[in-house]
Amino acid sequence: MPRRRAFALAGLAVLSWFDALVELLAFLLLCVGLVFFLSPALDRARGRSARTRELVGRWCGVEVASPYRPAPVEPERERDGWYRDGNQLYKRAWWIRWNRRFTWITEDPATGRELGWQLVNPPFALLTALLSLAVGARALRWYGRWTRFWLGPRPPAGPPRKRWLHRHLESFGHQIGLLALSLVHLGFSVWQFVVIIGAAPVAAPLVVSCRTIPDTLRREAGNWTGVRIARPYLPPPGLPVPRPDGLYQVGKQLYDEPWWPVQRARTRWILRDRATWRDLAGGALIPPVALLLTLPTVALLGWGLTGLVVLWVLRPFGSAPVQWFPLPEVTTHLGALAQTPVALALIVAGLAPTTLLARQQARFARLWLGPTDAMRLAQRVTRLDQSRTDVTVAQAAELRRIERDLHDGIQSRLVAMGLKLGAIEALIDSDPEAAKRLAAELRTASSDALTELRLLVRGIHPPVLSERGLVDAVRAVALDSPLKVDVTADVPGRVEQPVEACVYFAVCELLGNAAKHGGARRVSLSLSHADGELRVVVTDDGSGGAEAARGSGLRGIERRLGGFDGRLTLTSPPGGPTEAIVEVPCQLSPEAAPPPSSPRTSTSSGTA
């Protein structure tokens, strides 16, 4: 039996050469522009690999899990009937579906391992079949481990460990990179200054476009040295609002078109923003400091490398004696060997402080390119002013919705009940039986009206929030969710009711998105309060790909949080998982705090 299984696996392995040939032909067709054959060929080969994993698990006793990434989600039709992929709209979904599957298959690391397995597996499988004649079932176990190595999932690789020389050479490269970026920033700063002085009305578009240079310096300083530099600019002004007569007013001047008021507003925004002038000052001051911090490394490293070249390149292949300042002349290998440690020590001395010096360069850049306390306050005031407008608009829309629901729902029911009461008054003497039937209908109608009113009130402010607080309200939502929701809470007290309502509806929206759009089965939800901030983390195992800019629900969460100076951070790579972090500054109410003996609670609720 083991021998027959081994030869059967060998025959199946030989067929993988045919799969590799088909994939090679599909790749050649791809090179000439025929792109529609590669992904079906790779997908077809995955079927044979799946059959091999199944047989290895049954015959060899070695279970091999599927190594592939989750399949892409199916495109969804929007309300207007179109399918959207990025900024492109399609009438049919086949192109989006094909493009997603092509990207999914070709970018999966398991595809490359599978191609290698198809090439090297047949000889090994034939060797296993021959060995099974001698050792029997042990050959099958060896083949099972071989297949698991090639076709099984790989554990996530940890960050590579870098040696001392690698780390410090990399830091030296970061020093040079920061110096180069600062020199480019200097050139663009001079250009901006000349334009602002000579032609201030047209400086706004130039300054906005040139801000990409300091933005690059901020981003790379954080990536290279870990020194994060926040963006200090004020938000751009909104579009001007026309007067009742349709004209646009700037001071005492009226304009028919908004073009000139927009340009005036953007120019004032640029010239009054302190970050603009700090960028110009940083462009003049950062390059000298960066050069000053880079020169010791360049001097010591260059001196040491020059010594090695003089001692071991110029001396043996050039004219002797040679002299490497300030050491004496060298004519022999023994003398060069005696001076070599000095050159190596200079190289080490030059590389040793590179990490510290690169970080100091980034810190000095943060001093000029990062926001000050006054700028952070100005940013916060501007953001709150914009969010106040958004909240006002949202509240007005919510009030209109409540008014419409009351008018179309409860009011019509009350009118009908009033008419029935009038009919009961008219029939109670002449036809008591009919009056009783109308009274019974009236009782049912009143019950339905009360149920509808309760649903409407719950949508405005859930009673569970007022009665039991945010944590228990979130647990109630988790119990009603069709997903498996794990809730962990560390909130030793109550927060303000408006904040509770805001966070509650944000959690409801995130759980609804995970169930409706993400295809998730399990959600982890944690609430915590520390350093004056309420933090909610919602993580699901769905397909990912969520974007706040494309989802009206997520934009609604951002607008709600903006009214409390809160923020939503969304991380949702294609394939998942999706992590949404809601952070709202708030204080706990000590009078509503639970007993100290149970500051932390955890529950698991929902259905699988």
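Scroll up for the structure.
Residues numbered from 1 in each chain as written. Predicted model: local features only at pLDDT ≥ 70, side-chain atom pairs only at ≥ 80, totals over all residues. Heavy atoms only, no water.

**Observations concerning helix H7 (residues 203–210)**
Formally: For each residue, the accessible area found with a 1.4 Å probe, counting protein chains only, is set against the maximum for its type, and the residue is called buried under 20%, exposed over 50%, and partly exposed in between. Secondary structure elements are taken from DSSP: a helix is a run of H or I of four residues or more, a strand is a run of E of two residues or more, and numbering for both begins at the N terminus. Read the arc as the range of directions from the helix axis to the C-beta atoms. By definition in these notes, contact holds between two residues if any of their heavy atoms fall within 4.5 Å.
Among the residues of H7, those classed as buried are Ala203, Ala204, Leu206, Val207 and Cys210. The arc that holds every buried residue of H7, seen down its axis, measures 165°, which confines them to one face. Residues of H7 that are buried in the fold lie against helix H6 (164–198), helix H8 (212–225), helix H9 (259–272) and helix H10 (274–317).

**Overview of a positive patch on the surface**
Just so we agree on the cut-off: Think of a patch as exposed residues, more than 30% relative accessible area, with no salt bridge, where like charges cluster within 9 Å and nonpolar side chains (Val, Leu, Ile, Met, Phe, Trp, Tyr) cluster within 5 Å. Here the open area of atoms and residues is found with the Shrake-Rupley method and a 1.4 Å probe, where only the protein chains shown may cover a residue. What makes a salt bridge here is a side-chain nitrogen of Lys or Arg within 4 Å of a carboxyl oxygen of Asp or Glu, nothing more. We score Asp and Glu as negative and Lys and Arg as positive, and we do not count His or the chain ends. In this description, the location of a charge corresponds to atom NZ of lysine, CZ of arginine, CG of aspartate or CD of glutamate.
Taken together, Arg138, Arg141, Arg145 and Arg148 make up a surface patch of like positive charges. A residue is classified by how much of its surface remains accessible, and Arg145, at 45% relative accessible area, is partly exposed.

**Section: the pairing of strand S11 (residues 578–585)**
Rule in force here: Only when DSSP finds a minimum of two bridges between them are two strands counted as paired.
Burial runs high along S11: six of the eight residues are buried. Examined bridge by bridge, strand S9 (residues 533–540) and S11 share eight bridges and lie antiparallel to one another. When the bridges of S11 are listed, Thr539 appears paired with Glu579. Sheet topology places strand S10 (residues 567–571) next to S11; five bridges connect them, and they run antiparallel. Counterpart to Thr569 in the pairing with S11 is Ile581. Remark: six residues form the turn of the hairpin made by S10 and S11, two consecutive strands paired antiparallel; Gly575 in that turn has positive phi of roughly 95°.

**Considering the pattern of salt bridges**
What the rule picks out here adds up to 18 salt bridges. Here Arg219 makes a salt bridge to Glu220, at a shortest N to O gap of 3.3 Å. In this structure, a network of salt bridges that share partners links the residues Asp215, Arg218, Arg231 and Asp279.

**What to know about the packing of H6 against H8**
The test is simple: In this analysis, axes come from line fits to C-alpha atoms, helices being fitted only over the stretch in contact, and the angle between any two N-to-C directions falls in the range 0 to 180 degrees. For classification purposes, angles smaller than 35 degrees are called roughly parallel, those larger than 145 roughly antiparallel, those between 65 and 115 roughly perpendicular, and all remaining angles oblique.
Here H6 crosses H8 at 170°, and the two axes come no closer than 10 Å. One finds that H6 runs roughly antiparallel with respect to H8. Here H6 contributes His174, Gly177, Leu178, Leu181, Val184, His185 and Phe188 to the contact with H8, which in turn contributes Ile213, Pro214, Thr216, Leu217, Glu220, Ala221, Trp224 and Thr225.

**A word on the nonpolar core**
Rules: Put simply, buried Ala, Val, Leu, Ile, Met, Phe, Trp, Tyr and Cys residues joined by side-chain atoms within 4.5 Å make one nonpolar core.
Core analysis: the largest hydrophobic core is formed by 39 residues, its most contacted members being Leu470, Val503, Leu525, Leu527 and Val536. Per element, the largest residue contribution to this core is eleven residues, and it comes from helix H17 (residues 497–516). Setting aside residues up to four positions removed in sequence, Leu525 forms contacts with Val474, Val485, Asp486, Val487, Thr488, Val507, Leu511, Val536, Val537 and Val538. Ala10, Leu12, Val62 and Ala129 belong to the second largest nonpolar core, which has 17 residues in total.

**A closer look at a nonpolar patch on the surface**
On the surface, a nonpolar cluster with roughly 740 Å² of combined accessible area is contributed by Val309, Trp312, Val313, Leu314, Phe317, Leu334 and Leu337. Contributions of two or more residues to the nonpolar patch are made by H10 and helix H11 (333–351). Among the elements that make up the nonpolar patch, the one with the highest residue count is H10 (five residues). Relative to the elements of secondary structure, Val309 occurs in helix H10. Given a relative accessible area of 41%, Val309 falls into the partly exposed group.

**Overview of the packing of aromatic side chains**
For clarity, the cut-off: Here a Phe, Tyr or Trp ring, Trp counted by its six-membered ring, pairs with any other such ring whose centre lies within 6.5 Å, and the pair is stacked when the planes are under 30 degrees apart, edge-to-face when over 60, and tilted otherwise. By the criterion adopted, a ring carries a charge over it if an Arg CZ or a Lys NZ lies within 6 Å of its centre and within 35 degrees of its normal.
What the rule picks out here adds up to twelve aromatic pairs. An angle of 50° between the planes, with centres 5.0 Å apart, marks the rings of Phe36 and Trp98 as tilted. Residue Phe36 is found in the loop between helix H1 (2–31) and helix H2 (38–60), and its partner Trp98 is found in helix H3 (residues 94–106); the two are separated by 62 residues along the sequence. Looking at Phe36, the relative accessible area reads 41%, which means it is partly exposed. A relative accessible area of 17% means that Trp98 is categorised as buried. Their ring planes at 20° and their centres at 6.4 Å tell us that Phe124 and Tyr143 sit as a pair that is stacked. Of this pair, Phe124 sits in helix H4 (residues 109–135) while Tyr143 sits in helix H5 (residues 137–151), and the two are 19 residues apart along the sequence. Overall, Phe124 belongs to the partly exposed group, its relative accessible area being 26%. The class of Tyr143 is buried, set by a relative accessible area of 1%. Taken together, the aromatic side chains of Phe36, Trp94, Trp95, Trp98 and Phe102 make up a single cluster linked through ring pairs. One residue, Arg46, lies across the ring of Tyr68, its end atom 3.9 Å from the ring centre.

**Here we look at the environment of Leu206**
Its place among the elements puts Leu206 in helix H7. Residue classification places Leu206 among the buried positions, given a relative accessible area of 14%. Not counting chain neighbours up to four residues away, the residues in contact with Leu206 comprise Trp191, Gln192 and Val195.

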